[in-house]
Amino acid sequence: MNTAELNTATTVWEFDTAAWYQRLLHTGSSFTLTRRFRQQCGTEQQWDQAVPPSVGRAAFVCGVWVDDSEFRFDLTVGDQLANQLWPVVSPAFLTDNGLQSMADLGRLIARLHGAGPHPPGDLVSPHVRRLRSYLLATDAQADVSAVHTALPEQTLGALRSIARTITDGPHLTCHGGFSLGSVFTDDDHKTVQVAIGPEMCSGPSELDLGWMIGELTEFEYTAANSGRSLGAAHSAPFGRASQALLDGYSAESGREVDRRRLDDVVAARIALHMFDFVRTTGRTDHLAGLAPFVTWLTRRQHMHDNTEPDDGTRS
């Protein structure tokens, strides 16, 4: 989208959060997504990152820096996947097209993880850095303290341990912010585009997969516990979407994911949303429901194995 098109574009939506300011513009034939980051991204440490070509209907769209903090993506479709899944699952996603898109996304991420050269091992996603800062804050603002108060100390310890080790393991090329909000499609899922760029980082495969599954898991939990009559047709697609993503990933990569590490990333992703939501809105009503759920998430694999989670006190 050139300068003249930007001057005549209409705003589809815009919102401001603890993580970034985002705006989607539409010219009638294309879309432009702009993101102004609150926290410095790690890609000032450039490496010759290779973004793989499209897989099925899914493809990456690389953006460009507009200035020191704003990044821009030029898209051909503008329906954010998150909006197709919440607050109501769109009819398009309830067809095989939606699940095929998730499988293609899994295959696309597998190709990214297999691409080289891989980034430096200390290149951490800005979202992981933000979670670490929230969890380690000792003299926190009232909004951050509200989340600390809602979570049991053992859960906070487990989350600190997860956040500290979340990028351990093989240093693959990761998206760094692989979420429903970074995926755009059309009504019938013929085209699926993934915005990629400044959040790219080093990490294990479970970081990207767990980041998106964390969102799907939170949607599923919230739908099941909302008190509204959403029905089975609403809540069931989230689990199927997660499985389709994993199936696509395994089919492309030939690898199975580490389920314990995946569970840890899911817990971390939902915990980060708890912090970000309070910081963005000032509201704390969601904490009563999500805090017990995050506590359970940090313990579920250990309950299955009859072991104790790391509470952050172990070396």
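Our subject is the structure listed above.
Residues numbered from 1 in each chain as written. Predicted model: local features only at pLDDT ≥ 70, side-chain atom pairs only at ≥ 80, totals over all residues. Heavy atoms only, no water.

Chemist: How should the environment of Ser-29 be read in this particular structure?
Modeler: Of note, Ser-29 is situated in the loop between strand E2 (20–26) and strand E3 (31–37). Exposure remark for Ser-29: the relative accessible area of 59% places this residue in the exposed category. For the pair formed by Ser-29 and Leu-75, sequence separation is 46 residues and the distance between their alpha carbons is 9.6 Å. (Helix = DSSP H or I, 4+ residues; strand = E, 2+ residues; numbered from the N terminus. Buried < 20%, exposed > 50% of the residue type's maximum accessible area, 1.4 Å probe, protein only.)

Chemist: Honestly, the sheet that holds strand E1 (residues 10–16) in this entry has me stumped. Any pointers?
Modeler: To summarise the sheet geometry, strands pair through backbone hydrogen bonds and adopt either a parallel or an antiparallel arrangement. Pairing is antiparallel in the open sheet, where 5 strands are placed in the order E1-E2-E3-E6-E5. Sheet topology places E1 and strand E5 (64–65) at the edges, where each strand pairs with a single neighbour. Pairing geometry for E2 and E3, over 7 bridges, is antiparallel. Bridged to Tyr-21 within E3 is Arg-36. (Pairing = 2+ DSSP bridges.)

Chemist: Explain helix H9 (residues 259–281) to me, please; I cannot follow it from the model alone.
Modeler: Given 3.6 residues to a turn, an α-helix orients residues that are three or four positions apart in the same direction. With 23 residues, H9 extends 33 Å between its outermost C-alpha atoms, agreeing within 8% with the 33 Å of an ideal straight helix rising 1.5 Å per residue. N-capping of H9 is provided by Asp-258, with a side-chain oxygen placed 3.0 Å from the backbone N of Arg-260. Where H9 ends, the next residue or the one after it, Gly-282, has phi of about 80°, a positive value. (Expected span 1.5 Å × (residues − 1). Polar contact = N/O pair within 3.5 Å; in protein donor to acceptor, adjacent residues only side chain to side chain.)

Chemist: Can you help me understand the sheet that holds strand E7 (residues 79–80) in this one?
Modeler: If you trace the 4 strands from one edge of the open sheet to the other, you get E4-E10-E9-E7, paired in mixed fashion. Among the strands making up the open sheet, the edge pair consists of strand E4 (58–62) and E7. Here strand E9 (residues 183–185) runs beside strand E10 (residues 192–196); their pairing, made up of 3 bridges, is antiparallel. In the sheet register, Phe-184 faces E10, and the bridge partner there is Gln-193. Where helix H3 (residues 96–114) meets the sheet, its contacts fall on E4, E9 and E10, and the angle it forms with E4 comes to roughly 55°. (Contact = heavy atoms within 4.5 Å. Axes fitted to C-alpha atoms, helices over the stretch in contact; angles between N-to-C directions.)

Chemist: Help me understand empty space enclosed by the protein, please; the structure alone is not making it clear to me.
Modeler: Space left empty within the atom packing is revealed by a probe, the size of a water molecule, rolled over the atoms. This model, assessed by the stated rule, comprises 1 cavity of 30 Å³ or more. Along its surface, the largest cavity is lined by Ala-19, Phe-37, Gln-39, Pro-126, His-127 and Arg-130. Among the elements that make up the lining of the largest cavity, the one with the highest residue count is helix H4 (residues 126–136) (3 residues). The class makeup of the residues in the lining of the largest cavity is 3 nonpolar, 2 polar and 1 charged. (1 Å grid on protein atoms, 1.4 Å probe; cavity = no way out; pocket = protein on both sides within 12 Å on 5 of 7 lines; lining within 4 Å. Points joined across faces, edges and corners; volume = space filled by probe spheres on them. Nonpolar A, V, L, I, M, F, W, Y, C, P; charged D, E, K, R; others polar.)

Chemist: Just to check I follow, could you spell out the nonpolar core for this structure?
Modeler: Judged by nonpolar contacts, the single largest core of 68 residues is most densely connected at Leu-85, Met-102 and Leu-105. At 11 residues, H9 tops the list of elements feeding residues into this core. Beyond its immediate sequence surroundings of up to four residues, Leu-105 is in contact with Ala-58, Leu-81, Phe-178, Val-183, Val-192, Val-194 and Leu-245. Among the nonpolar cores identified, the runner-up in size contains 14 residues, and Leu-24, Leu-33, Val-61 and Leu-75 belong to it. (Core = buried A, V, L, I, M, F, W, Y, C linked by side-chain atoms within 4.5 Å.)

Chemist: Just checking my understanding: could you explain unusual backbone geometry for this structure?
Modeler: The general pattern is negative phi for most residues beyond glycine and trans for most peptide bonds. Put simply, Trp-86 and Pro-87 share a cis peptide bond, and its omega is 5°. Counting through the fold element by element, Pro-87 comes out in the loop between helix H2 (81–85) and H3. Within the chain, His-189 stands out as a residue other than glycine whose phi angle is a positive 60°. Mapped onto the elements, His-189 comes out in the loop between E9 and E10. Judged by its relative accessible area of 0%, His-189 falls in the buried class.

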